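In case you want the letters, here they are:
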Amino acid sequence: MVEVFSAVVVGAGGISNAWFPPLKAEGVEVRAVVDLHLETAKRQIAKYDLMAEASDDFSAMLTRHRPDFVVDLTIPAAHGQVTCTALAAGCHVIGEKPMANSMEEARQMVRASEESGKLYMVSQSRRWTAQHARVCETVRRGRLGVLTTANCDFYVGAHFGGFRDEMASPLILDMAIHHFDLARYFTGADPVAVYARELNPAGSWYRGDAAASCIFEMSNGIVFSYRGSWCAEGCHTSWNGDWRLIGDGGTLMYEKDQDPYGQVVTDDTGGFHRPLAELDVPAVVLEAEHMHGALREMLHFLRTGEPPQTECHDNIQSLAMVFAAMESSARGCRVPVQVM
Ligand SMILES: NC(=O)c1ccc[n+]([C@@H]2O[C@H](COP(=O)([O-])OP(=O)(O)OC[C@H]3O[C@@H](n4cnc5c(N)ncnc54)[C@H](O)[C@@H]3O)[C@@H](O)[C@H]2O)c1
């Protein structure tokens, strides 16, 4: 018999449209939808035809419905409070990225998970993408030899309105967290130190810095270079970024969400350019992608106890890259990436 799990969803804004369909597809019993604006919660319940209570009182919903887990889809500034409240009430939590608005808050969330004995995982949705799994597998199987370098370019002109326009570092905190986490996923390496420069280009429609250049030193001596802007009009890259990974045996390119491709050295016996062959990029099939993939890992944890890849002790390393980059930019120097 398939076990049915129950959830309370907090935050019924834009991204909840990506969560209700997989929650329904997986047969999760959504018992309540909570939002600061009751009408917003009611609207989503009606839109997705849910048998759920609409509320603006999160604590009351936890007490009344005692869900197995909470889905935190609130804005970044609310993640700490929502997650800690849910963990203290004995619920597991799957929450949207970024984990928190500060490292202090994120560390508190990790401690709250440890103290409660409940899981807190961050949905870093871009990990659950077949193309990304192919890049990861290529590196993991050593097809590029020993990896030395990862570059990512991200250039999009995005006119959101809303909370991002007011954030101090919208690119680094709200978007680059995806790319920094992908860099860890692709390379299998963790961050050591960073030199970064954030800026808000002339003509930007953001209040905070919407562009940045960062050089990360990663474990195993890998260097990860990141260039990005959220206010670059024209010639956009993919939202996933355009990537170049280099090992001592060859190069992989992943651009515009197209199939990853590359070249590897076939014969190291001499010549100005070594002879090259097409890189063999393995095919990978994922049963579920994006938020659905993240949700599947949460449900798998509930059934087996196996921790998801973006469990908070892991994911805080991606967040630490964010705050170290911001600190480096503010201080104008290289800084170590400190996790706990
Ligand atoms: N994974 C992705 O690709 C992706 C894409 C977009 C957004 N996100 C993330 O999802 C989160 C939400 O983004 P969004 O675009 O849906 O924002 P949004 O502003 O559209 O919606 C947020 C909702 O949360 C509600 N809310 C805020 N604080 C609350 C609280 N304390 N209690 C209850 N409700 C509260 C707001 O009223 C609002 O309805 C952010 O962390 C964002 O970074 C992730």
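You'll find the structure just up there.
Here is what the cut-offs are and how they apply
- Residues numbered from 1 in each chain as written.
- Predicted model: local features only at pLDDT ≥ 70, side-chain atom pairs only at ≥ 80, totals over all residues.
- Heavy atoms only, no water.
- Helix = DSSP H or I, 4+ residues; strand = E, 2+ residues; numbered from the N terminus.
- Buried < 20%, exposed > 50% of the residue type's maximum accessible area, 1.4 Å probe, protein only.
- Contact = heavy atoms within 4.5 Å.
- Lys, Arg positive; Asp, Glu negative; His and termini not counted.
- Charge placed at Lys NZ, Arg CZ, Asp CG, Glu CD.
- Near = heavy atom within 4 Å.
- Polar contact = N/O pair within 3.5 Å; in protein donor to acceptor, adjacent residues only side chain to side chain.
- Areas by Shrake-Rupley, 256 points an atom, 1.4 Å probe, with all protein chains shown as cover.
- 1 Å grid on protein atoms, 1.4 Å probe; cavity = no way out; pocket = protein on both sides within 12 Å on 5 of 7 lines; lining within 4 Å.
- Sits in = over half its atoms within 2 Å of the grid points.
- Nonpolar A, V, L, I, M, F, W, Y, C, P; charged D, E, K, R; others polar.
- Domains from an automatic or database assignment.
- Core = buried A, V, L, I, M, F, W, Y, C linked by side-chain atoms within 4.5 Å.
- Pairing = 2+ DSSP bridges.
- Axes fitted to C-alpha atoms, helices over the stretch in contact; angles between N-to-C directions.
- Salt bridge = Lys/Arg side-chain N within 4 Å of Asp/Glu carboxyl O.

**Student:** What is the right way to look at the overall build of the chain in this model?
**Tutor:** Each helix and strand in the chain was counted, giving ten helices and 15 strands. In terms of principal-axis extent, the alpha carbons of the chain reach across some 75 × 50 × 40 Å. Within the chain, the proportion of its 340 residues that are buried is 54%. Taking contacts inside the chain between residues at least 6 apart in sequence as the whole, the part at least 24 apart equals 68%. Put simply, the chain has 29 plus and 43 minus side-chain charges, and the middle of one group is 1 Å from the middle of the other.

**Student:** How should the site of the ligand be read in this particular structure?
**Tutor:** Taken together, 25 residues lie around the ligand, and Gly-14, Ile-15, Asp-35, Lys-97 and Asp-174 are the ones closest in. In this structure, an oxygen atom belonging to the ligand sits 3.3 Å away from a side-chain N or O atom of His-79. Alone, the ligand offers 850 Å² of accessible surface; in the complex the protein occludes 82% of this. When atoms are counted within 2 Å of each cavity's grid points, the one that captures over half of the ligand is the largest pocket. Of all the elements in the fold, those that place two or more residues in the shell around the ligand are α4 (76-88), α7 (163-166) and α8 (170-187). Ranked by the residues each element gives to the shell around the ligand, the list is headed by α4, at three residues. Here the residues of the shell around the ligand sort into ten nonpolar, nine polar and six charged. Counting contributing residues, the shell around the ligand receives three or more from each of domain 1 (6-123) and domain 2 (130-285 + 320-336).

**Student:** What is the right way to look at the nonpolar core in this model?
**Tutor:** In a soluble, globular protein the nonpolar side chains are often hidden away together inside. Counting residues in each nonpolar core, the largest one holds 79 residues, and the members touching the most others are Met-99, Phe-180, Cys-214, Phe-224 and Leu-245. If sequence neighbours within four positions are ignored, Leu-245 has contacts with Val-135, Val-139, Leu-144, Leu-147, Thr-149, Ala-150, Phe-186, Gly-250, Thr-251 and Leu-252. Among the nonpolar cores identified, the runner-up in size contains 29 residues, and Ala-41, Ile-45, Val-71 and Leu-73 belong to it.

**Student:** When you look at the sheet that holds strand β2 (residues 29-34) in this model, what are you seeing that I'm missing?
**Tutor:** Sheets are built from strands paired through backbone hydrogen bonds, the pairs being either parallel or antiparallel. An order of β3-β2-β1-β4-β5-β6 is seen for the six strands of this open sheet, with the pairing classed as parallel. Unpaired on one side and paired on the other, β3 (53-55) and β6 (120-123) mark the two borders of the sheet. The sheet shows a mean angle of 20° between the axes of neighbouring strands, taken without regard to direction. In this structure, β2 lies alongside β3, joined through three bridges in parallel fashion.

**Student:** Teacher, can you tell me more about the pattern of salt bridges here?
**Tutor:** Two side chains bearing opposite charge may form a pair once their charged atoms approach each other closely. Applying the stated criterion to the full structure yields 22 salt bridges. Taking the shortest distance from any N to any O, the salt bridge between Glu-104 and Arg-107 comes out at 3.7 Å. Remark: Arg-107 and Glu-104 occur in helix α5 (residues 103-116); sequence separation between them is three residues, near one turn of the helix. When the shortest N-O distance is used, the salt bridge between Asp-268 and Arg-274 registers 2.9 Å. Residue class for Arg-274 comes out partly exposed when judged on its relative accessible area of 33%. Through salt bridges with shared partners, a single network forms among Arg-127, Asp-181, Arg-184, Asp-190 and Asp-314.

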